[in-house]
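Observations on the model geometry
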Amino acid sequence: MAHQLLAAATAAAASSPYISTPAAQISASPARRRPGGVALRCAPSGGAAPAGGDTKSKLKVGSPIVILEAPVMLKTAASVPSLRHNGGQVKAGDVGRILARKPKDVWAVRLAVGTYLLDGKFFRPLDAGEGDEESTDG
């Protein structure tokens, strides 16, 4: 009985296109490529140009920024970050400076009240002329 099972398994392995000797696998592998394969190309923006691509391309370490919308929660940019409720520490119109770039459009931003990790949707670059206009209006 065991001999019959071994003979059946050997016959199935010999007829299978996926089980062969290592030398046959190496030489036959380029010829066995699947037709109609898809090649993907990775892009940082997901393949499409972002809507605000011009403003975000200006952002780099040391760039001044202005807060557009106050985030509900703040994450500190410490070595051990903590998440806390924004009780009015960061408000719309606050000005800060970018310290570092983090993954997924998150930036370490130094503000007057501390350094926080902020999503790119909460701020925009501060133009040099914009800061002068605010100081001369008063």
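Below or above, wherever it landed, is the structure these notes cover. This one's a predicted model, so the numbers in the text were calculated from it and none came from an experiment.

1. Description of the sheet that holds strand β4 (residues 95-102)
Spatially, β3-β2-β6-β5-β4-β1-β7 is the arrangement adopted by the 7 strands of the open sheet, whose pairing is antiparallel. Since the sheet does not close on itself, it has two edges, and those belong to β3 (83-85) and β7 (123-125), each with one partner. Shown here is a sheet whose adjacent strand axes are inclined to one another by a mean of 45°, direction ignored. Of the pairings in the sheet, the one linking strand β1 (residues 64-67) to β7 comprises 3 bridges and is antiparallel in character. What sits directly across from Ile65, in β7, is Pro125.

2. Describing the environment of Ala77
Inspection of the secondary structure assignment puts Ala77 in the loop between β2 (73-76) and β3. Sequence spacing of Ala77 and Ala100 is 23 residues, and the spatial spacing of their C-alpha atoms is 9.7 Å. In this structure, Ala77 is in contact with Ala108, Thr115, Tyr116 and Leu117, ignoring residues within four places of it in sequence.

3. Digging into the pairing of β4
Both β1 and β4 contribute to a ladder of 3 bridges, which runs antiparallel. Along β4, the bridge assignment pairs Ile65 with Gly96. Sheet analysis places β4 next to strand β5 (residues 106-111), joined by 5 bridges and oriented antiparallel. Pairing of Arg101 across the sheet is with Trp107, part of β5. The antiparallel hairpin formed by β4 and β5 contains 3 residues in its connecting segment, where Lys104 sits at a positive phi of about 60°.

4. Focus: the environment of Arg101
For Arg101, the location among the structural elements is in strand β4. Along the chain, Arg101 and Leu59 lie 42 residues apart, while their C-alpha atoms are 9.2 Å from each other. In contact with Arg101, not counting residues within four places along its chain, are Val106 and Trp107.

5. Regarding the packing of aromatic side chains
Enumeration according to the criterion identifies 0 aromatic pairs in this entry. The ring of Trp107 is capped by Arg101, whose NZ or CZ atom sits 4.7 Å from the centre of that ring.

How each quantity is defined
- Residues numbered from 1 in each chain as written.
- Predicted model: local features only at pLDDT ≥ 70, side-chain atom pairs only at ≥ 80, totals over all residues.
- Heavy atoms only, no water.
- Pairing = 2+ DSSP bridges.
- Helix = DSSP H or I, 4+ residues; strand = E, 2+ residues; numbered from the N terminus.
- Axes fitted to C-alpha atoms, helices over the stretch in contact; angles between N-to-C directions.
- Contact = heavy atoms within 4.5 Å.
- Phe/Tyr/Trp six-rings, centres within 6.5 Å; stacked < 30°, edge-to-face > 60°.
- Lys NZ or Arg CZ within 6 Å of the ring centre and 35° of its normal.

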